[in-house]
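Structural features, examined
Spelled out, the chains give:
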Amino acid sequence: MNEKFYKLPAEKQRRILNAGYRVFSRNNYRKSPMSEIAGEAGISKSLLFHYFYNKKELYLFLWEEAARISVRHLAEYGCYVPGDLFEMMERGMRAKLELIREYPDMSFFVIKAYYEREPEISEEIQKSYRNFVSFRAEGILKELDPAGFIPGIDLGMMYKEMLLASEGYVWKLIQRGEPLDVDELERGFSELMAFWKQIYRRPVREEDSK
C-alpha cells in the first residue's frame, strides 16, 4: 500500500491517476516518461518520484487500481451473480463497454497493459491477469448446469474458447493502429455472443417449454 500517495487529497490523487492512465494509454511503457505524467498531473517530476519509487511501481499501481475499479463496476452490473452463462457474459460486456465510455484513458491503459511486451512489467501484468481469470472461471464453471448446453460439451474448453476469441477480437482491432471504436466493439461482441448461443446452447424442445 502506498501510504504517501493515499495521504494526498482525493482530488490530487485523481489528477495523478488520470495523468498516468492518459500518458500510458497513448504510448507503450518504454516511451512514457515520468516527466510527461508529472506535467499532465500538474506536479514536478521529483514530487511524482516521492510518491512512486520508479515508473514500474507507478505502472503496476495503476494496473491494480484499475482492477479495483473494474471489479466494483462489474459487481454493480450484477456480473458476479450466478445465472445463465450468456446472460452473465452479456451483463459483463455491457459493464465493460460502459466502463470504457466512462473511463476511456483507464480502459485503454488496461488493454495496452495486457498486450505490453516490456520484460520489466509484462510478466507481473500477465500473472495478475491469469490469477483473476482463473478465479473468475472457477466460480462461473461451478455454477453452470450442463443440461443447458449441447450434450457432451466440455464446459471448461467452451469457456476458454470464448475468452480467447474475445481477446483475439480486441487484438485484431488494436493491430490497426487506430483508437478503439466502442460502438464497433459492441457490435463485434454482440455478433460473437449470438454465434456462441447458436452453437453451444441446448435447443429448447417443445416438451421442455410446457
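Heads up: the structure comes first, above all this text.
Position numbers for residues count from 1 along each chain, tracking the sequence in the order it is written. The predicted nature of this model means local features are confined to residues of pLDDT at least 70 and side-chain atom pairs, given and counted, to a pLDDT of 80 or more, with totals for whole chains, interfaces and linings taken over all residues. To obtain the side-chain values, all non-hydrogen atoms of the structure were used and water was disregarded.

With that settled, the discussion passes to the environment of Pro 33. Put simply, DSSP marks the helices as runs of H or I at least four residues long and the strands as runs of E at least two long, and each gets a number from the N terminus on. Position of Pro 33 relative to the elements: it lies in the loop between α2 (10-26) and α3 (34-41). Throughout, exposure labels follow a simple rule: accessible area from a 1.4 Å probe, protein chains only, divided by the maximum for the residue type, with under 20% read as buried, over 50% as exposed, and the rest as partly exposed. The exposure class assigned to Pro 33 is partly exposed, which follows from its relative accessible area of 34%. Sequence spacing of Pro 33 and Lys 55 is 22 residues, and the spatial spacing of their C-alpha atoms is 8.1 Å.

Time to look at the packing of aromatic side chains. Classification of ring pairs rests on two measures: the distance between centres of Phe, Tyr or Trp rings, Trp counted by its six-membered ring, which must be within 6.5 Å, and the angle between planes, read as stacked under 30 degrees, edge-to-face over 60 and tilted in between. Scanning all chains against the criterion turns up 16 aromatic pairs. For the pair Phe 5 and Tyr 6, a centre-to-centre distance of 5.7 Å together with 70° between the ring planes defines the contact as edge-to-face. On the basis of relative accessibility, which here comes to 1%, the residue Phe 5 falls in the buried class. You can call Tyr 6 partly exposed: its relative accessible area is 31%. An angle of 75° between the planes, with centres 5.3 Å apart, marks the rings of Tyr 169 and Phe 189 as edge-to-face. Placement of the pair is Tyr 169 in helix α9 (residues 155-174) and Phe 189 in helix α10 (residues 182-200), with a sequence separation of 20 residues. A single burial state applies to Tyr 169 and to Phe 189, both of which are buried. Each residue in the set Tyr 21, Phe 24, Tyr 29, Tyr 59 and Phe 109 is aromatic and connected to the rest through ring pairs, giving one cluster. Its guanidinium or amino end placed over the ring of Tyr 29, Lys 55 lies 4.6 Å from that ring's centre, counting from NZ or CZ. A positively charged side chain is recorded as over a ring if its NZ (Lys) or CZ (Arg) lies within 6 Å of the ring centre. The angle to the ring normal must also be within 35 degrees.

With that out of the way, let us pick up α3. Residues Met 34, Ile 37, Ala 38 and Ala 41 constitute the buried set of α3. Seen from one end, α3 has its buried residues packed into an arc of 100°, which puts them on one side. Working rule for contacts: check all heavy atoms of both residues, and any pair within 4.5 Å makes them a contact. Considering only its buried residues, α3 is in contact with α2, α4 (45-51) and α5 (55-76). Once α3 ends, the next one or two residues include Gly 42, with phi positive near 75°. By definition, the arc is the one covered by directions from the helix axis to the C-beta atoms.

Here Lys 4 is to be found in helix α1 (residues 3-6). Spatially, the C-alpha atom of Lys 4 lies 8.0 Å from that of His 50, the residues being 46 residues apart in sequence. Those residues in contact with Lys 4 that lie beyond four places of it in its chain are His 50 and Tyr 51.

Next up on the list: the nonpolar core. Residues grouped as a nonpolar core are buried Ala, Val, Leu, Ile, Met, Phe, Trp, Tyr and Cys residues, joined through side-chain atoms within 4.5 Å. The biggest cluster of nonpolar side chains holds 31 residues, and the ones touching the most others in it are Ile 16 and Leu 48. Put simply, the parts of the chain that give this core at least two residues each are α2, α3, α4, α5, α7 (104-115) and α8 (119-143). For this core, the element with the highest residue contribution is α5, accounting for eight residues. Excluding anything up to four places from it in sequence, Ile 16 contacts Phe 5, Leu 8, Ala 41, Ile 43, Leu 48, Tyr 51 and Phe 52. By size, the runner-up hydrophobic cluster in this structure holds 15 residues, among which are Met 88, Ile 140, Leu 155 and Tyr 159.

From the geometry alone we can't say anything about function, so treat these as descriptive.
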